[in-house]
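Letter by letter, the chains look like this.
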Amino acid sequence: MKRILSGVQATGKIHIGNYFGAIKQFVDLGKDNDAYYMIADLHSITTVQDKEELKENIFDVALDYLALGIDPEKSVIFRQSQIPAHTDLTWIFNCITTMPYLMRAHAFKDAEAKAKEVNVGLFDYPVLMASDILLYSPDLVPVGKDQKQHVEYARDIAEKFNRIYGDTFKLPEEYILQDVAIVAGIDGRKMSKSYGNHIPLFAERNEIEKLVMSIVTDSKTPEETKSTEGDTLFTLHSLVSDKETLDKVRTGYENGGLGYGETKKMLVESMDSFIAPLREKRRELVKDRDYVLGVLEEGANKARNVARLKMQEVKEKIGLILE
Ligand code: AMP
Ligand code: TRP
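Values in this document were obtained by computation on a predicted structure and should not be read as measured data.

### Some words on the site of ligand 1
Okay, so step 1: As a matter of local geometry, ligand 1 sits amid 18 residues, with Asn18, Gly144, Asp146, Val183 and Met191 nearest to it.
Okay, so step 2: Gln9 has a polar backbone atom sitting 3.3 Å from an oxygen atom of ligand 1.
Okay, so step 3: Gly144 places a main-chain nitrogen or oxygen 3.0 Å from an oxygen atom of ligand 1.
Okay, so step 4: If ligand 1 stood free it would expose 490 Å²; the protein chains cover 91% of that surface.
Okay, so step 5: For the shell around ligand 1, the elements supplying multiple residues, two or more each, are β1 (3-9) and α1 (16-31).

### Thoughts on the site of ligand 2
Okay, so step 1: Neighbouring ligand 2 are 14 residues; His43, Tyr125, Met129, Asp132 and Gln147 lie closest to it.
Okay, so step 2: Here a nitrogen atom of ligand 2 and a side-chain polar atom of Tyr125 are 2.6 Å apart.
Okay, so step 3: Side-chain polar atom of Asp132 to a nitrogen atom of ligand 2: 2.7 Å apart, as the coordinates give it.
Okay, so step 4: For ligand 2, whose free accessible area comes to 360 Å², the fraction covered by protein is 91%.
Okay, so step 5: Elements supplying a minimum of two residues to the shell around ligand 2: β1, β2 (34-40) and α8 (125-134).

### A look at the packing of aromatic side chains
Okay, so step 1: For the coordinates displayed, the defined rule picks out 16 aromatic pairs.
Okay, so step 2: Measuring from ring centre to ring centre gives 5.5 Å for Phe78 and Tyr136, while their planes differ by 45°; the resulting arrangement is tilted. Within this pair, whereas Phe78 is found in strand β3 (residues 76-79), its partner Tyr136 is found in the loop between α8 and β4 (140-142), the two being separated by 58 residues in sequence. Per residue, the accessibility class of Phe78 equals that of Tyr136, and both read buried.
Okay, so step 3: Through pairs of rings, three or more aromatic residues link up here, namely Phe93, Phe161, Tyr165 and Phe169.
Okay, so step 4: Above the face of the Phe59 ring, Arg289 is positioned so that its terminal group lies 3.9 Å from the ring centre.

### Overview of the environment of Tyr136
Okay, so step 1: Residue classification places Tyr136 among the buried positions, given a relative accessible area of 0%.
Okay, so step 2: In the structure, Tyr136 is positioned 168 residues away from Arg304 in sequence and 10.0 Å away in space, judged by C-alpha atoms.
Okay, so step 3: Ignoring sequence-local partners within four residues, the contact set of Tyr136 consists of Arg3, Leu5, Tyr36, Phe78, Ile83, His86, Ala303, Val306 and Ala307.
Okay, so step 4: Among the polar contacts made by the side chain of Tyr136, one reaches the side chain of His86 at a distance of 3.0 Å.

### Re the domain arrangement of the protein
Okay, so step 1: The assigned domain composition of the protein is domain 1 (3-182 + 289-318) and domain 2 (202-283).
Okay, so step 2: For domain 1 and domain 2, the distance between their C-alpha centroids amounts to 33 Å.
Okay, so step 3: Buried surface at the junction of domain 1 and domain 2, both sides included, amounts to about 910 Å², of which 73% is carbon and sulfur.
Okay, so step 4: When residues of domain 1 are sorted by the area they lose upon contact with domain 2, Ile16, Phe20 and Ala67 head the list and together hold 52% of the total.
Okay, so step 5: The interface formed by domain 1 and domain 2 contains two salt bridges.
Okay, so step 6: Of the charged contacts in the structure, one is a salt bridge between Asp64 and Arg282, with a shortest N-O distance of 2.9 Å.
Okay, so step 7: Elements with a contribution of two residues or more to the side of domain 1 that touches domain 2: α1 and α3 (51-67).
Okay, so step 8: A per-element tally of the side of domain 1 that touches domain 2 places α3 first, with five residues.

### Quick word on the pairing of β2
Okay, so step 1: For β2, the buried fraction is high: six of the seven residues fall into the buried class.
Okay, so step 2: Alignment of β1 against β2, held across seven bridges, turns out to be parallel. Bridge pairing in β2 places Ile4 opposite Ala35.
Okay, so step 3: Sheet topology places β2 next to β3; four bridges connect them, and they run parallel. Pairing of Met38 across the sheet is with Phe78, part of β3.

What counts and how
- Residues numbered from 1 in each chain as written.
- Chains lettered and ligands numbered in written order.
- Predicted model: local features only at pLDDT ≥ 70, side-chain atom pairs only at ≥ 80, totals over all residues.
- Heavy atoms only, no water.
- Near = heavy atom within 4 Å.
- Polar contact = N/O pair within 3.5 Å; in protein donor to acceptor, adjacent residues only side chain to side chain.
- Areas by Shrake-Rupley, 256 points an atom, 1.4 Å probe, with all protein chains shown as cover.
- Helix = DSSP H or I, 4+ residues; strand = E, 2+ residues; numbered from the N terminus.
- Phe/Tyr/Trp six-rings, centres within 6.5 Å; stacked < 30°, edge-to-face > 60°.
- Buried < 20%, exposed > 50% of the residue type's maximum accessible area, 1.4 Å probe, protein only.
- Lys NZ or Arg CZ within 6 Å of the ring centre and 35° of its normal.
- Contact = heavy atoms within 4.5 Å.
- Domains from an automatic or database assignment.
- Buried area = accessible area lost by both parts, 1.4 Å probe.
- Salt bridge = Lys/Arg side-chain N within 4 Å of Asp/Glu carboxyl O.
- Pairing = 2+ DSSP bridges.

What follows is the structure, given as structure tokens:
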């Protein structure tokens with residue numbers, strides 16, 4: 001049994017990339033491990049600064065976790081903002097982290113390159129994430145590839161703290177499945193809300209149809225042979241289609257005879273069959289708001305106890321406890 005910790009930001013509806021790249025691993029690992037799954041609501045205020053939108057986004061992640069099969073009887077589901085230790089520890093880590101080191105973070109560099117106004121919270125994002133992780137001493141942190149650097153930051157910060165104050169934090173490892181490390185969106189780039197190329201995980205059939213039909217392909221005719229390697233349609237089929245459909249697409253690509261139009265229609269069918277039961281489960285949960293809020297309360301109580309103990313140890317190590 002391993003300790004697992006991960007989280008997603010509350011920034012809007014999750015998509016196929018979030019699910020296959022990360023949340024599916026949360027579900028799978030949660031089955032026989034000691035798992036903690038957060039809603040990173042403090043991270044999301046670096047970008048979401050509308051009260052109603054934030055409230056909705058937070059609740060959405062809770063619904064997503066539950067609809068996708070994270071079992072609250074087995075795993076702890078909680079909101080970061082309900083555990084004060086996350087921000088307490090962030091301050092302490094801030095004091096051992098240098099500015100040039102944080103300036104090397106991809107997310108910060110991207111934001112700067114886009115000439116966005118970078119707030120201090122965004123700059124400090126990796127430090128808050130290090131606190132999220134290190135408070136719970138996880139063995140593994142399941143994430144998509146774009147979060148690899150953040151887990152490395154957590155490891156570096158833990159090492160530095162241990163060096164200064166003595167062994168306190170366990171060094172975490174990222175858990176990334178190579179096949180789904182980067183799921184492509186409808187334009188072939190990494191699927192991402194910010195690129196607007198995503199397929200929402202709980203999309204209705206007409207939306208799935210519209211998005212799948214607009215997936216960018218080359219201009220090969222149906223008769224020509226096609227490569228499955230790096231092909232967005234084929235990759236998405238491999239995520240959501242049954243074996244029979246996938247074999248049909250593979251043969252049609254390799255031998256020629258299957259056009260992109262037909263491949264897309266088959267993908268719409270597979271994707272809708274995959275999503276329909278999840279949509280249904282989510283719809284049921286929406287009706288039971290009190291149940292969902294109860295799960296979050298209970299999760300926060302469990303997480304708080306773990307975090308509080310670690311924080312006590314940290315304060316002791318750095319000289320904030322007077323006997
Ligand atoms: P976010 O919505 O940025 O909080 O992402 C939640 C999780 O989904 C993170 O672990 C990301 O690494 C992962 N993720 C996001 N987009 C993709 C993608 N296109 N392919 C694979 N994983 C992804
Ligand atoms: N930064 C992560 C993302 O965008 C979300 C996150 C916040 C997280 N805290 C975490 C992921 C701790 C893993 C562990 O997806």
